[in-house]
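In case you want the letters, here they are:
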Amino acid sequence: MPRDHRPAKSVRVLLAEDQGMMRGALALLLGMEADLEVVAQVGRGDAIVDAALTHRPDVALLDIELPGMSGLEAAAELREQAPDCRVLILTTFGRPGYLRRAMEAGAAGFLVKDGPVEDLAAAIRRVLTGETVIDPALAAAALSAGPNPLTARECDVLKASVDGATVSDIATKLHLSESTVRNYLSSAIGKTATRNRMEAMREARQQGWL
């Protein structure tokens, strides 16, 4: 809709999505809503907070898997630095663990990307009024899945295991002893009921624990 047909007070939206075509399409579709205005678009997680402080959006629409910083980490930073900005997570990865982490980070909503844009626009309006909006199927899955069994340190060690990192590499990166790293890895493998650390990392990611 032409800009001059918008209401005097539009909902200001920040859009964080690393896929340029998806980001542009979402911005175009949301911009067609008379009361919504996309005031900032970023393709990296570590650009979200600066964009929010500059453009002062009412709602930040964040993907999870972004370069530089995840949308979940950015949501936690926004809660500290831009508390008036409501966060709505929009992701391809509808994993129960992600939902739990999003709520812990202060997100006001969590939706998957396969829904119609009308539902997304409605969710933006609803979180702005103080509601919490969660995909119903994902909410049910999160309740049945239970909490993340991994400790923060076990998660750190699994994350550091990417790209074939050795125990020595992980120990150096996390400032731990090699024996401590092995203990954390062993514990994580046991809790994920897997055979090795790579399987443990994949399972933890699949569950949304990392």
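Up top you'll find the structure we're talking about.
One structure accompanies this document, and this report is about it. (Residues numbered from 1 in each chain as written. Predicted model: local features only at pLDDT ≥ 70, side-chain atom pairs only at ≥ 80, totals over all residues. Heavy atoms only, no water.)

1. What about the packing of helix H2 (residues 48-55) against helix H3 (residues 71-81)?
Where H2 contacts H3, the axes come no closer than 9 Å and their chain directions differ by 35 degrees. Of the two possible hands of crossing, H2 and H3 adopt the one that is right-handed. Contacts between H2 and H3 pair Ile48, Val49, Ala52 and Leu53 from the former with Ala74, Glu77, Leu78 and Gln81 from the latter. For the contact of H2 with H3, the class distribution of residues is 6 nonpolar, 1 polar and 1 charged. (Axes fitted to C-alpha atoms, helices over the stretch in contact; angles between N-to-C directions. Helix = DSSP H or I, 4+ residues; strand = E, 2+ residues; numbered from the N terminus. Left-handed = near helix turned anticlockwise from the far one by under 90°. Contact = heavy atoms within 4.5 Å. Nonpolar A, V, L, I, M, F, W, Y, C, P; charged D, E, K, R; others polar.)

2. What to know about unusual backbone geometry
In the Ramachandran plot, Arg56 falls in the positive-phi region, its phi being about 50 degrees despite a non-glycine side chain. With a relative accessible area of 51%, Arg56 lands in the exposed category. (Buried < 20%, exposed > 50% of the residue type's maximum accessible area, 1.4 Å probe, protein only.)

3. Regarding the packing of helix H8 (residues 167-174) against helix H9 (residues 178-191)
Viewed as axis vectors pointing N to C, H8 and H9 meet at an angle of 105 degrees, and their least axial separation amounts to 9 Å. Considering the angle they form, H8 stands roughly perpendicular to H9. The segment H8 lies against H9, with Val167, Ser168, Ile170 and Ala171 engaging Glu178, Val181, Arg182 and Leu185. The residue makeup of the contact of H8 with H9, split by class, is 5 nonpolar, 1 polar and 2 charged. (Parallel < 35°, antiparallel > 145°, perpendicular 65-115°, else oblique.)

4. Description of the nonpolar core
In this structure, Leu14, Ile48, Leu62, Leu78, Val87, Ile89 and Phe110 are the most contacted members of the largest nonpolar core, which totals 29 residues. Contributions of two or more residues to this core are made by strand S1 (11-16), strand S2 (36-42), H2, strand S3 (59-62), H3, strand S4 (86-91) and helix H4 (96-104). Excluding anything up to four places from it in sequence, Leu14 contacts Ala40, Val42, Ile48, Ala51, Ala52, Pro57, Val59, Ala60, Leu61 and Leu62. Residues Val59, Leu90, Ile124 and Val133 belong to the second largest nonpolar core, which totals 20 residues. (Core = buried A, V, L, I, M, F, W, Y, C linked by side-chain atoms within 4.5 Å.)

5. Some remarks on the layout of surface pockets
Of the voids in this model, the largest pocket is the one considered here, and its volume is about 640 Å³. Secondary-structure elements contributing two or more residues to the lining of the largest pocket are H3, H4 and helix H7 (152-159). No other element matches the 5 residues that H4 contributes to the lining of the largest pocket. A class-by-class count of the residues in the lining of the largest pocket yields 14 nonpolar, 6 polar and 8 charged. Considered as a void within the structure, the second largest pocket measures approximately 320 Å³ in volume. Surrounding the second largest pocket, 20 residues form its lining, Leu111, Val112, Gly115, Pro116 and Asp119 being those nearest its centre. (1 Å grid on protein atoms, 1.4 Å probe; cavity = no way out; pocket = protein on both sides within 12 Å on 5 of 7 lines; lining within 4 Å. Points joined across faces, edges and corners; volume = space filled by probe spheres on them.)

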